[in-house]
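Breakdown of the fold
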Amino acid sequence: MSQNINAAITAVHGWAPETVLSNADLSKMVDTNDEWIRTRTGISERRILDKGVGTSHMVAEVIKGLCASRGIEPTEIDLVIVATVTPDMPFPSTANIASDLAGASNAWGFDLEAACSGFLFAMNTGAQFIKSGAHKRVCVVGGDKMSSIVDYTDRTTCVLFGDAAAGVFLEADTDGLGIQDAILRSDGSGRDYLYMKGGGSVNPATAETVAKKMHYIYQDGKPVFKAAVTSMADVSYEIMERNGLTADDISWLVPHQANMRIIDATARRMGITTEKVMINIEKYGNTTAATIPMCLYEWSKSLSRGENLILSAFGGGFTWGAIWLKWSLEKSSGQLS
Ligand code: UT7
């Protein structure tokens, strides 16, 4: 393995369905209101994918967008990794289906599940195939159709989540750009606070699991909030400290978008001011594996080559982590130099 090969982002793309579900819409469905949702979470609206269409549709749109942006054919992709908790079905994998829909016929691929930390886990996994020289072009997409597992009679969860997919191409860089460091963590003792119990090997679907609403997401918000605030802030600080980075060295914090208050706490711990934090939670809500790449996509035109970004996430499991990367695309064009 060569030490001076990094995995760098060479294209970024995002896709969200057009249908908007606003706070006002939700207040007609459950006992909630716009003010509670905005002040407690920062969310104003979220996007909802049509019934009968799966996560693979959104992922395929992202793969096609990445190819258009990079100026290559889908057949030139070597590997597709999809981070998701809402695959089209238990098998075949959503990576497998989306690659077919997008025409990535020479790629192998797999799904990776680490809840809201999924994109970071997938990006660091994809990077190893670049660093080792095994592959030239790896596609990493985070995509979730959260509306397929949300109970729209439960006000404690239905206001939080939305649907979207976004992702990147990773390719080799020898100029010192790309992924510099990653810290990824997993602690399964948090599994009782955020989960979907039905449909797996412990509780396969039966009339009883459906009646007990076991095919919906469940969250005990308070302990998850507490763990998220501490872990996301700690790991973001840790990656700065172990690489000798100060707040001035960092151009952008790219946090998972679960709750504005968690984002604020992370930025505060890092000493980073709000202007340097990518925030789009008000438009999309929590799209699980898609939040971080969607931010990268929406900010990509204003990022400069060489800028330091810290990506940071916390999710079910618990899982959490941070990645330090040096942005590798030219400003304004969003293209490689
Ligand atoms: O992305 C993966 C990781 N997930 C997260 O990071 C999410 C972490 N958790 C959170 O973001 C927050 O805990 C929530 C946004 C989910 C909830 O915020 P909270 O400040 O922890 O509220 P709470 O659960 O303590 O509820 C406060 C009150 C309760 O009423 P009482 O018991 O005080 O009378 C809830 O019943 O707010 C009530 N409530 C609502 N009221 C209006 C809960 N949901 C709603 C709602 N609308 N949608």
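Residues numbered from 1 in each chain as written. Predicted model: local features only at pLDDT ≥ 70, side-chain atom pairs only at ≥ 80, totals over all residues. Heavy atoms only, no water.

With respect to the secondary-structure elements, Ser56 resides in helix α3 (residues 55-70). When its relative accessible area of 5% is taken as the criterion, Ser56 is described as buried. A polar atom in the side chain of Ser56 sits 2.5 Å from the side chain of Asp88. Not counting residues within four places of it along the chain, the set of residues in contact with Ser56 comprises Asp88, Thr94, Ile97, Ala98 and Leu101. (Helix = DSSP H or I, 4+ residues; strand = E, 2+ residues; numbered from the N terminus. Buried < 20%, exposed > 50% of the residue type's maximum accessible area, 1.4 Å probe, protein only. Polar contact = N/O pair within 3.5 Å; in protein donor to acceptor, adjacent residues only side chain to side chain. Contact = heavy atoms within 4.5 Å.)

As a further point, take the site of the ligand. Of all residues adjacent to the ligand, which total 24 residues, the nearest are Thr32, Arg40, Lys222, Asn259 and Asn286. With respect to the ligand, the backbone of Gly221 contributes an N or O atom lying 3.2 Å from an oxygen atom. In this structure, an oxygen atom belonging to the ligand sits 2.7 Å away from a side-chain N or O atom of Asn259. Protein contact buries 75% of the 960 Å² of open area that the ligand shows by itself. Mapped onto the shell around the ligand, the elements with two or more residues apiece are α2 (34-41), α6 (155-158), α8 (221-242) and α9 (260-270). Per element, the largest residue contribution to the shell around the ligand is 5 residues, and it comes from α8. The class makeup of the residues in the shell around the ligand is 11 nonpolar, 8 polar and 5 charged. (Near = heavy atom within 4 Å. Areas by Shrake-Rupley, 256 points an atom, 1.4 Å probe, with all protein chains shown as cover. Nonpolar A, V, L, I, M, F, W, Y, C, P; charged D, E, K, R; others polar.)

Moving on: the domain arrangement of the protein chain. The domain architecture assigned to the protein chain consists of domain 1 (6-178) and domain 2 (180-326). Using only C-alpha atoms to locate each centre, domain 1 and domain 2 end up separated by 14 Å. At the interface, 50 residues of domain 1 touch 46 residues of domain 2. Carbon and sulfur atoms supply 65% of the area buried between domain 1 and domain 2, which totals about 3,800 Å² over both sides. Taken as a group, Cys116, Leu120 and Ile149 account for 17% of the area that domain 1 buries against domain 2, more than any other trio of residues on that side. Taken together, domain 1 and domain 2 are joined by 2 salt bridges. In this structure, the salt-bridge partner of Asp175 is Arg305, at a minimum N-O distance of 3.5 Å. Broken down by secondary-structure element, the contributors of at least two residues to the side of domain 1 that touches domain 2 are β1 (6-15), α2, β3 (45-47), α5 (118-131), β6 (138-145) and β7 (163-173). Partitioning the side of domain 1 that touches domain 2 into residue classes produces 24 nonpolar, 18 polar and 8 charged. (Domains from an automatic or database assignment. Buried area = accessible area lost by both parts, 1.4 Å probe. Salt bridge = Lys/Arg side-chain N within 4 Å of Asp/Glu carboxyl O.)

What follows deals with the pairing of strand β5 (residues 108-112). Across a regular strand the side chains alternate sides, sitting on one face of the sheet and then on the other. Here 5 bridges tie strand β4 (residues 79-83) to β5, and the two strands are oriented parallel to one another. Across the sheet, Val82 pairs through a bridge with Asp111, a residue of β5. A crossover connection joins β4 to the parallel β5 through helix α4 (residues 94-102); in handedness this β-α-β unit is right-handed. (Pairing = 2+ DSSP bridges. Right-handed = clockwise from strand over helix to strand, strands pointing away.)

A separate point is the pairing of β4. Within β4, 5 of the 5 residues are buried, which leaves it mostly tucked inside the rest of the structure. By the alternation rule, side chains of β4 split into Leu79, Ile81 and Ala83 and Val80 and Val82, which are all buried.

Residue Pro92 follows Phe91 across a cis peptide bond; omega there is 0°. Within the element layout of this structure, Pro92 appears in the loop between β4 and α4. The omega torsion across Gly317 and Phe318 is 10°, close enough to zero to call that bond cis. Along the polypeptide, Phe318 turns up in the loop between β12 (308-315) and β13 (319-326). The residue Ala115 is not glycine, and still its phi comes out positive at about 50°. Positive phi is not limited to glycine here, since Thr288 has a value of about 55°. In this structure, Thr288 sits in the loop between α10 (281-284) and α11 (291-299).

In sheet architecture, strand pairing relies on hydrogen bonds along the backbone and comes in two forms, parallel and antiparallel. Read from one edge to the other, the open sheet built from 4 strands follows the order β8-β13-β12-β11, with strand pairing classed as mixed. Of all the strands in the sheet, the pair left with one neighbour each is β8 (178-186) and β11 (252-255). Looking at each pair of strands side by side, their axes are set apart by 15° on average, direction ignored. When β12 meets β13, the two strands line up antiparallel, connected through 8 bridges. Residue Leu311 lies in a different strand from β13, and its bridge partner there is Ile323. Its contacts with the sheet place α9 against β11 and β12, and it is angled at close to 145° to β11. (Axes fitted to C-alpha atoms, helices over the stretch in contact; angles between N-to-C directions.)

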